[in-house]
Amino acid sequence: MTIRNKLILSIGSIVIAIIAVYTGASYLAQRHLLLQALDEKLLCSVENLQGGLPVDYHDRIVNSGSVSPEE
Amino acid sequence: MGDQVVFTTATSPSKDVAKRDYAPFFSAHADPHAFDKAFETMKPVFGSFQNEWGHGRMVLLPGRDRAGRAYCFGASVSVDAIEAELNKTLRHSIYLGMGFLLIGMLVSFLVSNTLAQPIVRLTGIADEIARGKMGQPIGTKGPAEILSLGRSLAAMDRSIRQTIGELESDREKLRLLSGALEAAANAVFITDKEGMIVWVNTAFTTFTGYSATEAIGKRPNLLRSGKQDHEFYKKLWETILNGEVWCSEIINRRKEGSLYPEEITITPMKDSRGEITHFIAVTQDITERKQARETLEQRVAERTEELRRSEEQYRMLFEASRDAIITTDSEGNSLDCNRAAVEMFGFADKRTLLALGPGGLSPEFQPDGRTSREAFAEVLSQLRDKGSLFVEWQHQRADGTSFPVEVALSLFHVAGQPILHGMLRDITERKRAEAVVLQNMARAEELARLKSRFVSMASHELRTPLANIMLACELLKNFGNEIPAERSRSVLSGLVTGVSSMVRTLDDLLLAGKIEEGKLPFTPVPFALLDFLDRRCKEVQPELPSRIEIAFHDAGLNVAADERLLGHILQNFLENALKYSPAGTKVELGVEVGADSLTLSVLDRGIGVPEAERKFLFEAFSRASNVGDKPGSGLGLFIAQKCAQAHGGRLRYTPQPDGSIFAVTIPATTTGWAPAH
């Protein structure tokens, strides 16, 4: 293999590696941010709903018909 | 579920969390361990799921009812939209990365080309150099390393070209040397360090009879004759293994068995590290030279014997010579001498004589006043010009006495050093004889001069009065009766004067003759000095007034001397003073009486004596050149000097500014004769 091919291969490999690492890291970071925002949204919703449940709600729920669709 | 949030809450039917009888909702899409974790920590627990419920995100929030029973409140939401967004973002990123990849590949291609092109070019040049095409142009573009590599390659190219040139030159030299060795008349062979022959030339084959094929690979001992012992070869190997050159004569054996002498020179050959790699041996057949040397040695022996006999003969002649022979170096140091020299110089033996340094055989000064060293230097200089010469030299014996010698000097060189060979002959007797001869010659010359002066004086002092007498006699004979009586008396008076002058001259001659014969009578008697002076003055000048003044008036003083001789001296002084002084001038007679001496002096105002003639003043027949036609025999002062010498005294002449003083001093006392010693 000529030195030129070696240089092309080496520099190309380095470029590919850098792009792959950057793209992967960027994807994971984006996904982490989205999931984190979703988790905060879920937690907020759950906490709000939990505070609005009647106090006997758990005493009443014994099967699928224990809670009316309206409730 | 869509994108809506679904809430649920559940309590186990048993209302006991420990029994783990949860609602199916939680079992279906939640982490089976999420409840455990939530109830353990009583904190929210997040999780993801992907099942028949879809792909979503869930949260479990633990809590307790009013009875204190634990329950869990959950909510879930679909993440499909998020996933779709993420996938879209991922695709964009991939597209962007591929773009960057293309750009990167292009850049890498360009960079690779930029870096590799000069290297490729230099590689091509190196390949050209390797193929022998030197002097390729090498560019100067590219990075510093490439430029440095290019310069190195150019330097290498020059170095290789130079090395190739040197190698070509060396190859040519090697070819010449190889040819010279091959064509050399001397047998040459080369061995490796172990002594194995690796090369021989044609002369080797000619001399030894061994061909190159037979000799190469074998040791030089195939030539061994057995005439040299083991110690010889041991010393040879020690020498050449020490890197030194071995040179000697050796007897070797040819292939056909005959022996021959040869001169061999073995030279170790070293590589660049100084390690011996080969030995080169150059041999020369010296059979003829040895024969010539033996002949020469025989001739030298014969010649040496002849020289020995010659030396013996020379030594015999040298020692038997009656003349002293001494050889010295150029500094005057004696090198050798014979027996006659030892005897001549009065030394006990030869060694004592030879031990003397320069000048030890000569006095400090030579008779001519030069130092012996100066005189020797001059003789040496003349000797270098002429090679040999005769000189007379003053030498000095061991007892310090000097003696003259005649030296026959020769200069020759022995081993480049100048050697003086001198034959010395004592010429003391000859010198003495020469002195006598010279004295006799001087005497003869003196006699001849006296004779000449006598003839001159006689022709003048005797002929003049005789002529006057003859004239007077002729006058009286022819005219005696006719001339008056007064005139006759005058003529007769002239006759008497002439006869008296001749008588005085003859008296002087007779007295001078007696003086020469040593028969001058000397009879000292006491007499009255003043009376003596007065009488003599009147005899000299009878007429008055007298021109002589006597500065002495002691009438009672007697002295003892020969009155006649002293009177002769005084009369001569006074006559000369009156004769050579102008008329009318005074002549002073002085007397000085000492305890044992008497001095009479006469001061005149006369013509004096020229300085150059004063040394002849008291010699016989000597007359000063300024006397003119004044008569005189030239014997007066000579006789006066002899008369003074008869008394043991002497005359003295003292020139004065306007005259002269003649004085005589004799030893005399007023009581008796006191002759001088």
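Owing to the predicted nature of the structure, the values given are computational and were not obtained by experimental measurement. (Residues numbered from 1 in each chain as written. Chains lettered and ligands numbered in written order. Predicted model: local features only at pLDDT ≥ 70, side-chain atom pairs only at ≥ 80, totals over all residues.)

Caption draft 1: Focus on the overall build of chain B. Helix and strand counts for chain B come out as 16 helices and 21 strands. Taking all 677 residues of chain B together, the buried fraction comes to 20%. Excluding contacts between residues fewer than 6 apart, the proportion of contacts in chain B whose partners are at least 24 apart in sequence is 50%. (Helix = DSSP H or I, 4+ residues; strand = E, 2+ residues; numbered from the N terminus. Buried ≥ 20, exposed ≤ 12 C-beta atoms within 10 Å, placed from the backbone. Contact = placed C-beta atoms within 7 Å.)

Caption draft 2: Representation of the overall build of chain A in the model. For chain A, the count of helices and strands is two helices and zero strands. The buried share among the 71 residues of chain A stands at 10%.

Caption draft 3: Structural context of unusual backbone geometry. Residue and element names in this part refer to chain B. Positive phi values are uncommon outside glycine, yet Met42 reaches one of about 55 degrees. Tracing the chain through its elements places Met42 in the loop between helix H2 (34-41) and strand S2 (45-51). Even without being glycine, Ala415 reaches a positive phi, approximately 55 degrees. Examined against the element boundaries, Ala415 turns out to sit in the loop between strand S13 (402-414) and strand S14 (417-426).

Caption draft 4: Summary view of the nonpolar core. Residues and elements named next belong to chain B. With 36 residues, the main nonpolar core has Ile569, Phe573, Leu574, Val602, Ile639, Ala640 and Ala644 as its most contacted residues. For this core, the secondary structure elements donating two or more residues are helix H13 (485-517), helix H14 (529-540), strand S17 (558-561), helix H15 (563-580), strand S18 (587-593), strand S19 (597-604), helix H16 (636-647) and strand S21 (659-667). A per-element tally of this core places H15 first, with eight residues. Dropping the residues within four chain positions of it, Ile639 is found in contact with Asp508, Leu511, Ala512, Ile515 and His568. (Core = buried A, V, L, I, M, F, W, Y, C linked by C-beta atoms within 7 Å.)

Caption draft 5: Region of the structure containing the packing of helix H1 (residues 3-52) of chain A against helix H3 (residues 80-130) of chain B. Put simply, H1(A) and H3(B) touch, their axes get as near as 7 Å, and they point 160 degrees apart. Classified by the interaxial angle, the pair formed by H1(A) and H3(B) is roughly antiparallel. With respect to the hand of their crossing, H1(A) and H3(B) are arranged in right-handed fashion. Looking at side-chain class alone, the contact of H1(A) with H3(B) contains 23 nonpolar, eleven polar and two charged residues. (Axes fitted to C-alpha atoms, helices over the stretch in contact; angles between N-to-C directions. Parallel < 35°, antiparallel > 145°, perpendicular 65-115°, else oblique. Left-handed = near helix turned anticlockwise from the far one by under 90°. Nonpolar A, V, L, I, M, F, W, Y, C, P; charged D, E, K, R; others polar.)

Caption draft 6: Region of the structure containing the interface of chain B and chain A. With 37 residues of chain B at the interface, the matching set in chain A holds 30 residues. Breaking the side of chain B that touches chain A down by element, the ones donating at least two residues are strand S3 (54-64), strand S4 (70-78) and H3 of chain B. Broken down by element, the residue count for the side of chain B that touches chain A peaks at 19 residues, all from H3(B). Tallied by class, residues from the side of chain B that touches chain A come to 24 nonpolar, nine polar and four charged.

Caption draft 7: Examining the pairing of S4(B) more closely. By the criterion of burial, S4(B) is predominantly enclosed, with seven of the nine residues buried. Once S3(B) ends, the chain turns through five residues before running back antiparallel as S4(B), passing B:Gly68 with a positive phi of about 85 degrees. (Pairing = 2+ DSSP bridges.)

Caption draft 8: The confidence of the model for chain B, seen in detail. Residue and element names in this part refer to chain B. For chain B, per-residue confidence averages 84 on the pLDDT scale, and 93% of positions sit at 70 or higher. Of the regions scoring below 50 in pLDDT, residues 672-677 engages in twelve contacts with residues more than four places distant in sequence or in other chains. Note on the complex model: pTM 0.36, ipTM 0.78. (pLDDT = per-residue confidence, 0-100.)

Caption draft 9: Spatial organisation of the environment of B:Lys579. The residue B:Lys579 is located in helix H15 in this model. Distance from B:Lys579 to B:Val627, taken between C-alpha atoms, is 9.6 Å for residues 48 residues apart in sequence.

Caption draft 10: Representation of the sheet that holds strand S20 (residues 650-656) of chain B in the model. Residues and elements named next belong to chain B. Taken in spatial order, the five strands of this open sheet run S16-S18-S19-S21-S20, and their pairing is mixed. What marks the edges here is a single partner per strand, and that holds for strand S16 (548-551) and S20. Here the average twist between neighbouring strands, direction ignored, is 15 degrees. Across eight bridges, S19 lies against S21 in antiparallel orientation. Within S21, the residue paired with Leu598 across the bridge is Ile666. Sitting on the sheet, H16 touches S20 and S21, and the angle it makes with S20 is about 130 degrees.

Caption draft 11: Broad picture of the pairing of strand S11 (residues 334-337) of chain B. All names here are of chain B. With three bridges joining them, strand S10 (residues 324-329) and S11 adopt antiparallel strand pairing. When the sheet's bridge partners are listed, Thr327 is paired in S11 with Asp336. Count of turn residues in the S10/S11 antiparallel hairpin: four residues, of which Gly332 carries a positive phi of about 95 degrees.

Caption draft 12: Inspection of H14(B) at higher detail. Residues and elements named next belong to chain B. Taking 1.5 Å of rise per residue, the twelve residues of H14 would be expected to cover 16 Å, and the 17 Å separating its terminal C-alpha atoms lies within 8% of that figure. Within the span of H14, buried status applies to Leu529, Leu533, Arg536 and Cys537. Taken end-on, H14 shows its buried residues confined to a sector of 100 degrees, consistent with a single buried face. (Expected span 1.5 Å × (residues − 1). Arc of directions from axis to C-beta.)

Caption draft 13: Region of the structure containing the packing of H3(B) against helix H4 (residues 144-183) of chain B. Residue and element names in this part refer to chain B. Contact geometry for H3 and H4: axes closest at 11 Å, N-to-C directions at 5 degrees. The pairing of H3 with H4 is recorded here as roughly parallel in orientation. Between H3 and H4, the residues in contact are Pro118, Ile119, Leu122, Ile125, Ala126 and Ile129 and Ile146, Leu149, Gly150, Leu153, Asp157 and Ile160, respectively.

Caption draft 14: Just the sheet that holds strand S6 (residues 197-200) of chain B, in detail. All names here are of chain B. Read from one edge to the other, the open sheet built from five strands follows the order S6-S5-S9-S8-S7, with strand pairing classed as antiparallel. In the strand order of this sheet, the two ends are held by S6 and strand S7 (246-253), each with one partner. Strand after strand, the sheet turns through a mean of 30 degrees between neighbouring axes, direction not considered. Of the strand pairs in this sheet, strand S8 (residues 259-270) and strand S9 (residues 276-285) are connected by nine bridges, and their pairing is antiparallel. In the strand pairing of S9, Glu263 is matched with Gln284.

Caption draft 15: The arrangement of the environment of B:Leu520 in detail. Residue and element names in this part refer to chain B. For Leu520, the position within the fold is in the loop between H13 and strand S15 (525-528). The sequence separation of Leu520 and Leu565 amounts to 45 residues, and the corresponding C-alpha distance is 9.4 Å. Excluding residues within four positions of it along the chain, Leu520 makes contact with Lys514, Ile515, Lys642 and Ala646.

Caption draft 16: Just the environment of B:Leu589, in detail. Residue and element names in this part refer to chain B. Within the element layout of this structure, Leu589 appears in strand S18. The class for Leu589 is buried, based on 20 C-beta atoms found within 10 Å. In this structure, the C-alpha to C-alpha distance between Leu589 and Leu533, residues 56 residues apart in sequence, is 8.9 Å. Once residues lying within four places of it in the same chain are set aside, the contact partners of Leu589 are Leu533, Cys537, Ile548, Glu549, Ile550, Ala551 and Val602.

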